[in-house]
Amino acid sequence: MKIRLFTIPNILTLCNLLCGSVAVLFALRFDDIQISFYLIIAAAIFDFLDGFVARLLKSYSPVGKELDSLADVISFGMAPSSILFSMYQLAGGTGWWGYAVFILAAFSALRLAKFNIDENQAYGFIGMPTPAAALFVSASGYLFAAGLYILNPYYTIGIAVVLSYFLVSNIPMFALKFTHYGFKGNELRYTFCLLSIVCVILWGIVAIPFIIMAYVLVSVVRRFFVG
């Protein structure tokens, strides 16, 4: 069997990986977590596009599936962990405790490995998706670097631990995947997308962490009160 490596979806996935890799560099080498934020946004866009193009072109492959997870470990696991480590140091943290934030990278890898073998996550998620955790961290890092709030360095470890829990939890979380584009059956997706867009237009990057928290809260409420 001939294995095709350089398909259009795979190239888009590699762009995701490259954005994540450079985001790690800017966070750890230059402490520029605002550039890292933009690179993670770019990685998330490429992550969306590779799946969209694969469905459009019907270009699916085992290589593409594995490559996607490998890229996501870098862009949505290692990159946000690097941002947290930079935040820890910029906030005045010293010593070895700061390395604890890389637990987020480890649990991101666990979450992605679980996703690859779990057939119950075709149209929804069990646990928090890694891009959501990465967007929360990177947007928070951007706002911290902009001087919009003061952060205790040890809070970064708490953020890593809480997000790691949600990544591997058994909480069902809705996915923004549309099997059809009618409103019926997609009420929650359309409503959440519309409100998120409005919030970003009104408040910009400040809105992103709150959108992610709302996403988790809505998912928790659905689990315990809707079923």
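Use the structure listed above.
Nothing here was measured: the structure is a model prediction, and the numbers come from that model.

The rules behind these values
- What you see as residue numbers is a count from 1 along each chain, following the sequence as written.
- Given that this is a predicted model, residues contribute local features only at a pLDDT of at least 70 and side-chain atom pairs are listed and counted only at 80 or more, while totals for whole chains, interfaces and linings are drawn from all residues.
- Water and hydrogen atoms were dropped before computing side-chain values, which therefore reflect all heavy atoms in the structure.
- Here the aromatic set is Phe, Tyr and Trp, taking the six-membered ring for Trp, and pairing holds for ring centres within 6.5 Å; pairs whose planes are under 30 degrees apart are stacked, those over 60 apart are edge-to-face, and all others are tilted.
- Only protein chains enter the area calculation, which uses a 1.4 Å probe; residues under 20% of their type maximum are buried, those over 50% are exposed, and those in between are partly exposed.
- Put simply, DSSP marks the helices as runs of H or I at least four residues long and the strands as runs of E at least two long, and each gets a number from the N terminus on.
- In this analysis, the expected span of each helix is defined as 1.5 Å times one less than the number of residues it contains.
- The patches described consist of residues with a relative accessible area above 30% and no salt bridge, like charges being joined within 9 Å and nonpolar side chains (Val, Leu, Ile, Met, Phe, Trp, Tyr) within 5 Å.
- All accessibility values rest on the Shrake-Rupley procedure with a 1.4 Å probe; residue burial counts only the protein chains present in the view.
- The salt bridge definition used is simple: a Lys or Arg side-chain nitrogen within 4 Å of an Asp or Glu carboxyl oxygen.
- With axes taken as lines fitted to C-alpha atoms, and helix axes fitted only over the stretch in contact, angles between N-to-C directions fall between 0 and 180 degrees.
- Each angle is binned into one of four classes, with values under 35 degrees roughly parallel, values over 145 roughly antiparallel, values of 65 to 115 roughly perpendicular, and all other values oblique.
- Throughout, a crossing is termed right-handed when the near helix is turned clockwise from the far one, and left-handed when it is turned anticlockwise from it by less than a right angle.
- Contact criterion: two residues are considered in contact whenever any of their non-hydrogen atoms come within 4.5 Å of each other.
- Classes in brief: Ala, Val, Leu, Ile, Met, Phe, Trp, Tyr, Cys and Pro nonpolar; Asp, Glu, Lys and Arg charged; the others, Gly included, polar.

Trainee: Which residues make up the packing of aromatic side chains, and what values do they have?
Mentor: Applying the stated criterion across every chain, the model contains 15 aromatic pairs. Their ring planes at 50° and their centres at 5.5 Å tell us that Phe26 and Phe30 sit as a pair that is tilted. What makes Phe26 partly exposed here is its relative accessible area of 24%. Taken together, a centroid distance of 4.8 Å and an interplanar angle of 65° make the contact between Phe174 and Tyr215 edge-to-face. On the criterion of sequence distance, the pair formed by Phe174 in strand S2 (residues 172-174) and Tyr215 in helix H8 (residues 207-226) is long-range, its members being 41 residues apart. Grouping residues by exposure puts Phe174 and Tyr215 together as buried. Ring-pair connections join several aromatic residues into one group, and the members of that group are Phe85, Trp96, Tyr99 and Phe102.

Trainee: So what's going on with unusual backbone geometry? Residues and values would help.
Mentor: Phi at Asp31 is positive, roughly 55°, even though this residue is not glycine. Position of Asp31 among the secondary structure elements: in the loop between helix H1 (8-29) and helix H2 (33-57). Since its relative accessible area comes to 34%, Asp31 is described here as partly exposed.

Trainee: Which residues make up helix H5 (residues 130-145), and what values do they have?
Mentor: Taking 1.5 Å of rise per residue, 16 residues should cover 22 Å, and H5 covers 22 Å from first to last C-alpha, within 8% of that figure. For H5, the tally of buried residues reaches 14 of 16 residues, placing the bulk of the element in the interior. After H5 finishes, the residue Gly147 shows a positive phi value of roughly 80°.

Trainee: Residues and numbers for a nonpolar patch on the surface, please.
Mentor: On the surface, a nonpolar cluster with roughly 910 Å² of combined accessible area is contributed by Leu148, Tyr149, Leu194, Val198, Leu202, Trp203, Val206, Phe210 and Met213. Looking at the nonpolar patch, the elements that each hand over two or more residues are helix H7 (187-203) and H8. Mapped onto the fold, Phe210 is located in helix H8. Phe210 gets classed as exposed once you look at its relative accessible area, which sits at 53%.

Trainee: An account of the environment of Asn120 is requested, with residue identities and associated values reported.
Mentor: Of note, Asn120 is situated in the loop between helix H4 (103-117) and strand S1 (124-126). Expressed as a C-alpha distance, the spacing of Asn120 and Pro172, which sit 52 residues apart in the sequence, is 10.0 Å.

Trainee: I'd like to hear about the packing of helix H3 (residues 62-90) against H5, residue by residue, with values.
Mentor: Here H3 crosses H5 at 30°, and the two axes come no closer than 9 Å. Between H3 and H5, the angle is such that the two are roughly parallel. Note that H3 runs across H5; the crossing there is left-handed. Here Asp72, Ser75, Phe76, Pro80, Ile83, Leu84, Met87 and Leu90 of H3 come into contact with H5, specifically with Thr130, Pro131, Ala134, Val137, Ser138, Ser140, Gly141 and Phe144. Residue composition of the contact of H3 with H5, grouped by class: ten nonpolar, five polar and one charged.

Shape descriptors only; they carry no functional weight alone.
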